[in-house]
Amino acid sequence: MRGRQCLKSLYLHKYHPDLRDEITPAQEAIFQTGHTVGRYAQNLFPGGVEIPYEGLSITQQLRQTAYAIQAGGRTLYEAAFQFNGVFVKVDILHRGEQGWELYEVKASGELKPEHVDDVAIQCYVVAGAGLPLTKASLVYINKEYVRRGDIDVAELFVVEDLTGTVSEIQDLIPDRINQMREMLRGEMPSIDIGPQCSDPYDCDFRGQCWKDIPEESIFSIRGRLPNRFELYREGIVQLQDIPRDILSASQLIQVEGTLEKKNVINREGLREFLSTLWFPLCFLDFETTYMMPIPLFDETRPYQQVPFQYSLHLSERENGELLHYEFLADPGTDPRRDLLESLLERIPDNACILCYNMAFEKGRLSDCKTWFPEHAEKIDTFIENIQDLMVPFRKKDVYQWQMNGSYSIKNVLPALIPEMSYEGMAINSGDMASSAWFAMAEMNDPEEREKKRRALLEYCKLDTLAMVKILEKLRTL
Ligand code: SF4
């Protein structure tokens, strides 16, 4: 599968694994999620025999698989097969009425082309190793599933029969394998960076292959820019070489801003934005669980983000005292009711609620409305009263060249207020906050737990304090 994406990646993986980029916490969380989903999917065919990966050599895994099949096992998890020098682990192998069936499990909400190839190579190896298959399917997440009580695996998963599709491409596989084997016998293929570096997956050798691309380049321009790689191949890498006529107005501001250290202020647009705000003025930010395929709580769907923390700064009147409220749910509990009730208590009626990227907070409040319809009226008022502090930055009414074309608060804050930034914080992203909340639930050491709790409160508080300071700055502009 790696070689399918890029032959050079397969070569580096085989001969220079030390050049691989470090795994980020976000990637680690993705792997963990994949494991969890795999475990749940096993319940589609309960009572199977597991062929472990850890602690067993490949030969031992192959032997255990053969033994389990010979012993009359009906279901195997992680069954191991090898053929033509390719080793595969099959998520679920089940002996159905017609014969053996293969199930590949993905923590994805849809079927993607790469999944078909993944199933196809497994079928090739399993059949080649001497076990005829009657069916091959992909098991993935049903995004419409709503949890009610225990997870209903039959509802949570979609099982899509790919038997016909994968059999059509079986004949292509030996050639592909030979091509890869041939490549591995030679020198490292000279493959330049290209769309394959992030399609279908982010390649973990980017640090190696992209090391000569400057930080500011054709690739750092935000937004859609067709044919980036074509321009790159023509030698256009540096910002100064990019033809201006292919850039959008916003991209032009980024490029010229960076090259000439030029800022933009459209006072008219800014004034218009500021006139949409009123007092009492709240600054609100949620932290939520990350997009988990297995819904955690009743009435939630796969990938739905559940708020577990908020920070709220509140100013009753112009130049009035700045109050701060916060909420952080006990880890391991359902945070929704307590969080909402706390919020309903804190936000004054008819307050203007300022968020950064309001679609997110609006979405979470809308979810709360579904979960707690008794509060629908008040939540609707909150949603109507939300304004978005991101607007002047997204519209480039205010742009500082240090923002590098971004209007994320992480870039806007240090550009406008250099003494404030997210650098050096123990938690400095939404993903980290979510991981920390889950990690807290597993911690036994009260001191460690308290440290995490404080880091979470500090991070979320900075999000709303940043908004307060950014607004103050905008008013001076
Ligand atoms: S970074 Fe790109 S070119 Fe380099 S190995 Fe990965 S996919 Fe291939």
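Above this text you will find the structure in question.
Residues numbered from 1 in each chain as written. Predicted model: local features only at pLDDT ≥ 70, side-chain atom pairs only at ≥ 80, totals over all residues. Heavy atoms only, no water.

## Describing the sheet that holds strand β1 (residues 49-50)
Stage number 1. The sheet built from six strands is open, its strands ordered β1-β2-β3-β4-β5-β6 with mixed pairing. Single-partner strands in this sheet number two, and they are β1 and β6 (157-161).
Stage number 2. Pairing of strand β4 (residues 100-105) with strand β5 (residues 133-141) involves six bridges; the strand directions are parallel. Bridge pairing in β5 places Leu102 opposite Ala136.
Stage number 3. The strands touched by helix α4 (residues 58-70) are β1, β2 (75-83), β3 (86-95) and β4; relative to β2, the strand with the most contacts, the crossing angle is about 125°.
Stage number 4. Sheet strands in contact with helix α5 (residues 113-128) are β2, β3, β4 and β5, and its direction is about 90° off that of β3. (Pairing = 2+ DSSP bridges. Helix = DSSP H or I, 4+ residues; strand = E, 2+ residues; numbered from the N terminus. Contact = heavy atoms within 4.5 Å. Axes fitted to C-alpha atoms, helices over the stretch in contact; angles between N-to-C directions.)

## Brief notes about a nonpolar patch on the surface
Stage number 1. A surface patch of nonpolar side chains, about 320 Å² in accessible area, is lined by Ile23, Ile30 and Phe31.
Stage number 2. Tracing the backbone through its elements, the reader meets Ile30 in helix α3 (residues 25-42).
Stage number 3. Residue classification places Ile30 among the exposed residues on the basis of a relative accessible area of 58%. (Patch = residues over 30% accessible without salt bridge, like charges linked within 9 Å, V, L, I, M, F, W, Y side chains within 5 Å. Areas by Shrake-Rupley, 256 points an atom, 1.4 Å probe, with all protein chains shown as cover. Salt bridge = Lys/Arg side-chain N within 4 Å of Asp/Glu carboxyl O. Buried < 20%, exposed > 50% of the residue type's maximum accessible area, 1.4 Å probe, protein only.)

## A closer look at unusual backbone geometry
Glycine aside, residues mostly have negative phi angles, and peptide bonds mostly take the trans form.
Stage number 1. Of the consecutive residues Asp199 and Pro200, the connecting peptide bond is found in the cis state with omega at 5°.
Stage number 2. Relative to the assigned elements, Pro200 resides in the loop between α8 (173-185) and α9 (206-209).
Stage number 3. Cis rather than trans, the peptide bond between Phe279 and Pro280 has omega equal to -5°.
Stage number 4. Secondary-structure assignment places Pro280 in the loop between α12 (267-274) and β8 (281-288).
Stage number 5. In this structure, Asn319 takes a positive phi of about 60° despite not being glycine.
Stage number 6. Along the chain, Asn319 falls in the loop between β9 (307-315) and β10 (322-328).
Stage number 7. We classify Asn319 as exposed; its relative accessible area is 79%.
Stage number 8. Backbone geometry places Asn350, a non-glycine residue, at a positive phi of 60°.

## What about the site of the ligand?
Stage number 1. Taken together, the residues surrounding the ligand are Cys6, Ser9, Asp192, Gln196, Cys197, Cys203, Phe205, Arg206 and Cys209.
Stage number 2. Partitioned by chemical class, the residues of the shell around the ligand number five nonpolar, two polar and two charged. (Near = heavy atom within 4 Å. Nonpolar A, V, L, I, M, F, W, Y, C, P; charged D, E, K, R; others polar.)

## Topic: the pattern of salt bridges
Stage number 1. In this structure the tally under the stated criterion is 21 salt bridges.
Stage number 2. Arg4 is paired through a salt bridge with Asp117; the nearest N and O atoms lie 2.3 Å apart. Of the two residues, Arg4 sits in helix α1 (residues 2-5) while Asp117 sits in helix α5, which places them 113 residues apart along the sequence.
Stage number 3. Classification of Arg4 as partly exposed rests on a relative accessible area of 32%.

## Topic: the packing of aromatic side chains
The relation between two aromatic rings is expressed through the spacing of the ring centres and the mutual angle of the planes.
Stage number 1. Within the structure shown, the criterion is met by 13 aromatic pairs.
Stage number 2. Ring geometry for Phe308 against Trp437: centres 4.5 Å apart, planes inclined by 10°, an arrangement best described as stacked. With a gap of 129 residues between them, Phe308 in strand β9 and Trp437 in helix α18 (residues 430-442) connect regions that are remote in the sequence. Comparing Phe308 with Trp437, the two get one shared label, buried.
Stage number 3. Grouped by ring-pair contacts, the aromatic residues Trp210, Phe219, Phe229 and Tyr232 constitute a single cluster.
Stage number 4. The cationic tip of Arg206 hangs over the ring face of Trp210; the distance from NZ or CZ to the ring centre is 4.4 Å.
Stage number 5. Above the ring of Phe360, the side-chain terminus of Arg364 is found at 4.8 Å from the ring centroid. (Phe/Tyr/Trp six-rings, centres within 6.5 Å; stacked < 30°, edge-to-face > 60°. Lys NZ or Arg CZ within 6 Å of the ring centre and 35° of its normal.)

## Digging into the pairing of β10
Stage number 1. Inspection of the sheet shows β9 paired to β10 by seven bridges, in the antiparallel sense. From the neighbouring strand, Tyr310 faces β10, where its bridge partner is Phe327.
Stage number 2. Counted between consecutive antiparallel strands, the loop separating β9 from β10 contains six residues, among which Asn319 sits at a positive phi close to 60°.

## Points about the sheet that holds β9
Stage number 1. Taken in spatial order, the five strands line up as β10-β9-β8-β11-β12 in an open sheet, and their pairing is mixed. For this open sheet the edge positions go to β10 and β12 (386-388), each flanked by a neighbour on one side alone. Geometrically, the sheet is characterised by an average inter-axis angle of 25° between neighbouring strands, direction not taken into account.
Stage number 2. Helix-sheet contacts for helix α14 (residues 358-371) involve β8, β9, β11 (352-355) and β12, and the interaxial angle to β8 is about 75°.

## Focus: the pairing of β9
On a regular strand, each side chain points to the face opposite its neighbour's, so the side chains alternate between the two faces of the sheet.
Stage number 1. For β9, the buried fraction is high: nine of the nine residues fall into the buried class.
Stage number 2. Pairing of β8 with β9 involves eight bridges; the strand directions are antiparallel. Paired with Glu287 across the bridge in β9 is Gln309.

From the geometry alone we can't say anything about function, so treat these as descriptive.
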